[in-house]
Amino acid sequence: MADQPKKTATITLDSANSDRQFPAYQISINAMSGEKSGHGYRLMGPKYVGRSRNLRTVELTQWAADEIRAILDEVFPTEVVVDCADVELESGENLRALGVGNDLDLDEPTAGMQPGTWRLTAYADDGTARMRRLSGKEIQAARAAEAFARMNT
């Protein structure tokens, strides 16, 4: 079996146009497999228009990734413990009415949770609940499974 290309993470700064008076820059984070293949996310700047020029690419170290993840987790935690009384459901009841494993969609910040879809993972005896924010891929998979289940009923 052929060796898999080494995966790396990079931050890239590109010049997105050639206008010297009003330059446009793009910053992206990328997951790379080998030299040229990969995917990424544009953090800042205009969309790629086919004329950009790479100015600088920096490969992230594990240390840098841990530091970035710590900042993101501080601002956008993926797991939180909340007081059940601080979360009101659409029915008017508090979080205790939601079953473990069920999801809660938030449109605005509530009890330390940012907007998004959160899954109730456990209750504690002290009136708190552990919530985990679902990733975009998890939400897509859940929607696909739900649609499949509806088609087969």
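This text follows the structure it describes.
To start, this report covers the structure provided alongside it. (Residues numbered from 1 in each chain as written. Predicted model: local features only at pLDDT ≥ 70, side-chain atom pairs only at ≥ 80, totals over all residues. Heavy atoms only, no water.)

### Observations regarding the pattern of salt bridges
Side-chain pairing between opposite charges can occur once the charged atoms of the two side chains come close. Stated formally: We define a salt bridge as a side-chain nitrogen of Lys or Arg found within 4 Å of a carboxyl oxygen belonging to Asp or Glu. Secondary structure elements are taken from DSSP: a helix is a run of H or I of four residues or more, a strand is a run of E of two residues or more, and numbering for both begins at the N terminus. Accessible area is worked out with a 1.4 Å probe on protein chains only. A residue is then buried under 20% of its type maximum, exposed over 50%, and partly exposed in between.
The final tally for this structure, using the stated rule, is six salt bridges. When the shortest N-O distance is used, the salt bridge between arginine 69 and aspartate 66 registers 3.6 Å. In this pair, arginine 69 and aspartate 66 are both assigned in helix α1 (residues 62-75), three residues apart and thus about one turn of the helix distant. A relative accessible area of 48% places arginine 69 in the partly exposed class. Glutamate 138 is the salt-bridge partner of arginine 132, the closest N and O atoms lying 3.0 Å from each other. Note on glutamate 138: relative accessible area 30%, which makes it partly exposed.

### Let's talk about a nonpolar patch on the surface
Applied cut-off: A patch consists of residues whose relative accessible area exceeds 30% and which take part in no salt bridge; residues with like charges are grouped when within 9 Å of each other, and nonpolar side chains (Val, Leu, Ile, Met, Phe, Trp, Tyr) when within 5 Å. Here the Shrake-Rupley method, with its probe set to 1.4 Å, supplies the accessible areas, and only the displayed protein chains count as covering residues.
The grouping of Leu13, Tyr25, Ile29, Tyr41, Leu43, Met44 and Leu55 at the surface amounts to a nonpolar patch, some 640 Å² of accessible area in total. Looking at which element gives the most residues to the nonpolar patch, the answer is strand β3 (residues 37-44), with three residues. Here leucine 55 is to be found in strand β4 (residues 53-59).

### Describing the nonpolar core
This is how it is decided: Only buried residues count toward a nonpolar core, which is a set of Ala, Val, Leu, Ile, Met, Phe, Trp, Tyr and Cys residues joined through side-chain atoms within 4.5 Å. Every residue pair with non-hydrogen atoms within 4.5 Å of one another is taken to be in contact.
Counting 14 residues, the largest nonpolar core has Val82, Leu95, Leu104, Met113 and Met131 as its most contacted members. Those elements giving two or more residues to this core turn out to be β5 (79-83), β6 (103-106), β7 (116-123) and β8 (128-133). Apart from the residues within four sequence positions on either side, methionine 113 is in contact with Val80, Val82, Val87, Leu104, Leu106, Glu108, Trp118 and Met131.

### Some points on a negative patch on the surface
Stated precisely, the cut-off is as follows: Charge convention: Lys and Arg are scored as positive, Asp and Glu as negative, and His as well as the terminal groups of each chain are ignored. By convention, the point assigned to a charge is CZ for Arg, NZ for Lys, CD for Glu and CG for Asp.
On the surface, Asp83, Asp86, Asp125 and Asp126 cluster together into a negatively charged patch. By secondary structure assignment, the location of aspartate 126 is in the loop between β7 and β8. Take aspartate 126: its relative accessible area is 59%, and that puts it in the exposed class.

### Focus on the sheet that holds β4
Here is the rule we go by: The rule for pairing is simple: two strands pair if DSSP sees at least two bridges between them. The angle between two axes is taken between their N-to-C directions and runs from 0 to 180 degrees, where each axis is a line fitted to C-alpha atoms and a helix contributes only its stretch in contact.
Taking strand neighbours across the sheet as the criterion, the four strands line up as β3-β2-β1-β4 in an open arrangement whose pairing is antiparallel. Since the sheet does not close on itself, it has two edges, and those belong to β3 and β4, each with one partner. Neighbour-to-neighbour, the strand axes of the sheet open up by a mean angle of 25°, direction not taken into account. Here six bridges tie strand β1 (residues 7-15) to β4, and the two strands are oriented antiparallel to one another. From the neighbouring strand, serine 15 faces β4, where its bridge partner is arginine 53.

### What about the packing of aromatic side chains?
Rules: Pairing of aromatic side chains here covers Phe, Tyr and the six-membered ring of Trp, requires ring centres within 6.5 Å, and sorts the geometry by plane angle: under 30 degrees stacked, over 60 edge-to-face, intermediate tilted. Charge over a ring is defined by NZ of Lys or CZ of Arg lying within 6 Å of the ring centre and within 35 degrees of the ring normal.
All told, the structure shown has zero aromatic pairs when counted by the stated rule. Between arginine 96 and the ring centre of tyrosine 123, over which it is positioned, the NZ or CZ distance is 4.4 Å.

### Observations regarding the environment of leucine 95
Within the fold, leucine 95 resides in the loop between β5 and β6. Residues leucine 95 and arginine 53 lie 42 residues apart in sequence; the distance between their C-alpha atoms is 51 Å. If near-sequence neighbours (up to four positions away) are discounted, leucine 95 is found in contact with Val82, Cys84, Val87, Leu89, Leu104, Tyr123, Ala129 and Met131.

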